[in-house]
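# Structural overview for review
The lines below spell out each chain.
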Amino acid sequence: MVRLIQRVAILGALLLPFSFVPMVAGAVTSYYGSNYSYDYGTGADYAHWLGVHDGESDNNGAYAIYRRTSTGSTDYRLDDPNGSAAGDGNSPYGSRISQHHVCESQVGPDPCGIYVYP
Ligand SMILES: [Ca+2]
Ligand SMILES: [Ca+2]
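Now for a description of the structure that goes with this document. Remember, predicted model here, so these are calculated numbers, not experimental data.

The subject of this paragraph is the overall build of the protein. The helix and strand inventory of the protein stands at one helix and seven strands. Listing the helices and strands of the protein from first to last along the sequence gives α-β-β-β-β-β-β-β. Every one of the 118 residues in the protein was classed for burial, and the buried ones make up 24%. Within the protein, residue pairs in contact and separated by at least 24 positions form 51% of the contacts whose partners lie at least 6 positions apart.

This is the structure:
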């Protein structure tokens, strides 16, 4: 029993340094009201896909503006194709998404959530 406890203690000491390593990349979300854009990057995976969700049945469409690492400062637009009805808009697969935010179509300038960086 003492030997088992020693082994568990040694294992814990070995794993401890790794438990404080922060997540390098993860899915991040940009909100504007109940609308949001979200990437699919988790853990060591990269964000190659983006989704956008219109969460308000107000006849104002929701869309995302995003950039990819392979195309630098080129902005792409992704719409939720059916507004607040079930189902989100999804981007095609591509190089890593470097930033995105959600916007809402309104009369005048469209308001947007803050940019997030996967
Ligand atoms: Ca809406
Ligand atoms: Ca929808």
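Most often, soluble globular proteins have nonpolar side chains that are buried together. Ranked by size, the top nonpolar core spans 13 residues in total, and within it Leu50, Val52, Tyr63, Ala64, Tyr66, Leu78 and Val102 carry the most contacts. Elements supplying a minimum of two residues to this core: strand S2 (35-39), strand S3 (50-53), strand S4 (62-68) and strand S7 (97-104). Contact partners of Leu50, with chain neighbours within four places excluded, come to Ser37, Asp39, Ala64, Tyr66, Leu78, Ser91, Ile97 and His100.

Each strand in a sheet pairs with its neighbour through backbone hydrogen bonds, running either in the same direction (parallel) or in the opposite one (antiparallel). Sheet architecture is open: four strands sit in the order S1-S2-S3-S6, paired in antiparallel fashion. In this open sheet, the two strands that pair with only one neighbour each are strand S1 (29-32) and strand S6 (89-90). Sheet analysis places S3 next to S6, joined by two bridges and oriented antiparallel. Bridged to Gly51 within S6 is Asn90.

Rules behind the numbers
- One numbering rule holds for all chains: residues counted from 1, following each sequence as written.
- Numbering of ligands from 1 and lettering of chains from A proceed in the order in which they are written.
- The predicted origin of the model limits local features to residues at a pLDDT of at least 70 and limits the giving and counting of side-chain atom pairs to 80 or more, whereas totals for whole chains, interfaces and linings rest on all residues.
- Here a strand is any run of E in DSSP of at least two residues, a helix any run of H or I of at least four, and the numbering for each starts at the N terminus.
- Each residue is classed by its C-beta neighbour count within 10 Å, where at least 20 other C-beta atoms makes it buried, 12 or fewer makes it exposed, and intermediate counts make it partly exposed; the C-beta atoms are placed from backbone geometry.
- Contact between two residues is assigned when their C-beta atoms, built from the backbone, lie within 7 Å.
- Working definition: the nonpolar core is a set of buried Ala, Val, Leu, Ile, Met, Phe, Trp, Tyr and Cys residues, joined through C-beta atoms within 7 Å.
- Strands are treated as partners if at least two bridges between them are detected by DSSP.

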